[in-house]
Amino acid sequence: MPATRSPIPSIDRLLRTPAAAVLLARFGRDATLAALRAEAEAVRAAFRAGAQPPGEIALIDAAADRLARLFAPSQRRVVNLTGTVLHTNLGRAPLPEEAIAAAAEAMRHPTTLEFDLATGRRGERDHHVRSLLRELTGAEDATVVNNNAAAVLLVLNTLAKGREVPVSRGELIEIGGSFRMPEIMARAGCRLVEIGTTNRTHARDYRDAIGPRTALLMRVHQANFAISGFTARVADRELAAIAKNAGAPFVTDLGAGALVDLDRFGLPHEPTAREALAAGADLVTFSGDKLLGGPQAGLVVGRADLIRRLNRNPLKRALRLDKGRLAALEAVLRLYRAPDLLPQRLPALALLTRPESAIRAAAGRLMDRLRPALGPAWQVAVEPCRSQIGSGALPEDRLLSAAVTVAGKGVESVASRLRALPVPVLGRIGEGRLWLDCRCLTDTDERDLAAVLPDLGRGAM
Ligand SMILES: *Cc1c(COP(=O)(O)O)cnc(C)c1O
């Protein structure tokens, strides 16, 4: 067999080219070398199969593409036009600038995370938000953990491990992402006692279930769904009285957990932590990144003696917040001291209260950009629609909004082209059309889309 000359230049030679120097400076020696070798190997294999070997430049270009893919971030910003404002899969609440700055500062520098400047001694991590949470909810004390699932886990594990917790069958919920109340209970080490029926649970169901092994009574806010028709549930106050009578704490898992009355901003009512406490809950748990509009966190507010027990549980250490998120949470909670200004300052609330006329105007501008970018094969229009709050909050209530709709044969292809943009745009498909609900289309999104939407036409049929 005659010896064939290698179809590719040596790696050493490639490394000495100016094009490779650029890659070396940007990606370092190890990664660049690995990419060049991988491309060389691919060329060798193709050559053996009879393909024409590419030139040096083409090979280095291919290595550059490989490196760019390798170093590209996996988590990317998207434009949320799904119509769900607090979208769990898209990271829920967008944070206010104050919180972003506070988190960045905390991540950049050493902080007083667990340090008391006055005494020069060790301080407490929760201290930074404890007084704010007490002030904002009327609670005696508060603690914070990784998320609300962690808050529920910590409460149950601390107060009910090895004991029983009666819960109404109408409240044994599953929230997306495998949070199922019965499973969390099992993991927390307590025994769930199902009481009542899916649609009706009475005070006597609780009374009958209470025994010497009962650790606490729990109310789970019905997130993600609503039960209507022939229904009965025991009011918070009555449940609190039953628990008190039995000498057991009454715990409410609020889920979305508003900190202020949303009615004042023209939104439907969602129970607040303050209301739940006033109705007799000994502990209330809720999320930081749902209606509160902050970073992912789980907040527990209520009786000081119970909070102390939570803090002494070794699980607390495993579930605690890092300084960046704690700083962001503190900044968001501080905004609640000026509640009337929240719709301007808190992005989540700004989006939820955005006037329909402003949304329609934004939709009009997007339509004007999308039409020429898509070409005449598609019917692009502005239509009224309804946004969802998301994260299980107020599942029945929809907010009046406006969408750009795209109709035509195979709208999935338009949806996938929008997702492939440098700033990916996410909508939803329904009634044979693509809906781009413009409630969450911000000025920044509009500016960035103006630059990339013209590319949409490329590759169009
Ligand atoms: C969302 C929710 C949870 C879970 O909260 P995360 O912050 O996502 O961990 C728990 N309970 C209820 C009722 C919820 O709505």
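In this text, all values refer to a predicted model and were calculated from it rather than measured experimentally.

*Asks:* Hey, could you run me through the overall build of the protein chain in this one?
*Replies:* Across its full length, the protein chain holds 19 helices and 17 strands. Projected onto its principal axes, the C-alpha positions of the protein chain cover 95 × 55 × 50 Å. For the protein chain, buried positions account for 49% of its 461 residues. Contacts spanning at least 24 positions in sequence make up 73% of the contacts within the protein chain whose residues lie at least 6 apart.

*Asks:* Would you explain a positive patch on the surface in this entry?
*Replies:* Together, R163, R213, R308, R309 and R312 make up a positively charged patch on the protein surface. Inspection of the secondary structure puts R308 in helix α12 (residues 304-312).

*Asks:* What exactly am I supposed to notice about the pairing of strand β17 (residues 433-437) here?
*Replies:* Taken across its five residues, β17 has five buried, putting it largely inside the fold. Neither face of β17 is exposed, since R433, W435 and D437 on one face and L434 and L436 on the opposite face are all buried. Note: strand β16 (residues 428-430) against β17, three bridges, orientation antiparallel. Bridged to I429 within β17 is L434. If you look at the hairpin formed by β16 and β17, you'll find two residues sitting between the two strands, and E431 has a positive phi there, around 50 degrees.

*Asks:* Please clarify how the environment of E114 should be interpreted in this entry.
*Replies:* Within the secondary structure, E114 sits in the loop between α5 (97-108) and β2 (115-116). What makes E114 partly exposed here is its relative accessible area of 22%. Between the C-alpha atom of E114 and that of E124, which follows or precedes it by 10 residues, the distance is 4.8 Å. Discounting residues that sit within four places of it in the chain, E114 has contacts with R122, G123, E124, R125 and R320.

*Asks:* Would you mind going over helix α17 (residues 356-374) with me for this structure?
*Replies:* For an α-helix, 3.6 residues make a turn, and residues three or four places apart therefore share a direction. Between its terminal C-alpha atoms α17 stretches 26 Å, which fits the 27 Å expected from 19 residues at 1.5 Å a residue. When we look at burial in α17, the residues that qualify are I359, A362, A363, G364, L366, M367, L370, A373 and L374.

*Asks:* Explain the domain arrangement of the protein chain to me, please; I cannot follow it from the model alone.
*Replies:* It is common to report an interface's size as the accessible area lost on association of the parts. Domain annotation of the protein chain identifies domain 1 (11-71), domain 2 (79-88 + 351-458) and domain 3 (97-342). Here the C-alpha centre of domain 2 lies 40 Å away from the C-alpha centre of domain 1.

*Asks:* What is the right way to read the packing of helix α3 (residues 29-48) against helix α4 (residues 56-71) from this model?
*Replies:* The angle between the axes and the distance between the axes are what describe a pair of packed helices. Axis separation between α3 and α4 bottoms out at 9 Å; the angle between their running directions is 125 degrees. By the criterion of interaxial angle, the relationship of α3 to α4 is oblique. Judged by the sense of rotation from one axis to the other, the crossing of α3 with α4 is right-handed. Across from A31, T32, A35, L36, A38, E39, A40 and V43 in α3, the residues of α4 making contact are L59, I60, A62, A63, R66, L67 and F71.

*Asks:* Where do I start with the packing of α17 against helix α19 (residues 443-452) in this structure?
*Replies:* Two elements in contact, α17 and α19, have axes whose closest approach is 11 Å; the angle formed by their N-to-C orientations is 10 degrees. On the basis of the axis angle, α17 is roughly parallel to α19. Residues A362, R365, L366 and R369 of α17 touch α19, and the partners they reach there are E446, L449 and A450. Considering only residue class, the contact of α17 with α19 consists of four nonpolar, no polar and three charged.

*Asks:* In this structure, what is going on with the packing of aromatic side chains? I would like to understand it.
*Replies:* The relative placement of two aromatic rings is captured by the distance of their centres and the angle of their planes. Following the criterion strictly, the structure yields one aromatic pair and no others. A centroid spacing of 4.8 Å and a plane angle of 55 degrees characterise the contact between F27 and F71, whose relative ring orientation is tilted. With F27 in helix α2 (residues 18-27) and F71 in helix α4, the pair connects residues that are 44 residues apart, well separated along the chain.

*Asks:* Sorry, what's going on with the nonpolar core here?
*Replies:* When a protein is soluble and globular, its nonpolar side chains tend to lie buried together. Formed by 62 residues in total, the largest nonpolar core has its most connected members in V284, F286, L292, V301, L329, L333 and Y336. Sorting elements by how many residues they give to this core places helix α14 (residues 323-335) first, with seven residues. When we break this core down by domain, the ones giving at least three residues each are domain 2 (79-88 + 351-458) and domain 3 (97-342). Once residues within four sequence positions are removed from consideration, L333 is found in contact with V129, L132, L133, L136, L259 and L292.

*Asks:* Which parts of the structure should I look at to understand the site of the ligand?
*Replies:* Within the structure, the ligand sits among 13 residues, and R92, A149, D253, S287 and K290 are positioned closest to it. Between an oxygen atom of the ligand and a main-chain N or O atom of N148, the distance comes to 3.0 Å. Here K290 contributes a side-chain N or O atom positioned 2.8 Å from an oxygen atom of the ligand. Burial of the ligand by the protein amounts to 94% of the accessible area it has alone, namely 380 Å². Those elements giving two or more residues to the shell around the ligand turn out to be α7 (148-160) and β10 (250-255). When its residues are assigned to classes, the shell around the ligand shows five nonpolar, five polar and three charged.

Rules used throughout
- Residues numbered from 1 in each chain as written.
- Predicted model: local features only at pLDDT ≥ 70, side-chain atom pairs only at ≥ 80, totals over all residues.
- Heavy atoms only, no water.
- Helix = DSSP H or I, 4+ residues; strand = E, 2+ residues; numbered from the N terminus.
- Buried < 20%, exposed > 50% of the residue type's maximum accessible area, 1.4 Å probe, protein only.
- Contact = heavy atoms within 4.5 Å.
- Patch = residues over 30% accessible without salt bridge, like charges linked within 9 Å, V, L, I, M, F, W, Y side chains within 5 Å.
- Areas by Shrake-Rupley, 256 points an atom, 1.4 Å probe, with all protein chains shown as cover.
- Salt bridge = Lys/Arg side-chain N within 4 Å of Asp/Glu carboxyl O.
- Lys, Arg positive; Asp, Glu negative; His and termini not counted.
- Charge placed at Lys NZ, Arg CZ, Asp CG, Glu CD.
- Pairing = 2+ DSSP bridges.
- Expected span 1.5 Å × (residues − 1).
- Domains from an automatic or database assignment.
- Axes fitted to C-alpha atoms, helices over the stretch in contact; angles between N-to-C directions.
- Parallel < 35°, antiparallel > 145°, perpendicular 65-115°, else oblique.
- Left-handed = near helix turned anticlockwise from the far one by under 90°.
- Nonpolar A, V, L, I, M, F, W, Y, C, P; charged D, E, K, R; others polar.
- Phe/Tyr/Trp six-rings, centres within 6.5 Å; stacked < 30°, edge-to-face > 60°.
- Core = buried A, V, L, I, M, F, W, Y, C linked by side-chain atoms within 4.5 Å.
- Near = heavy atom within 4 Å.
- Polar contact = N/O pair within 3.5 Å; in protein donor to acceptor, adjacent residues only side chain to side chain.

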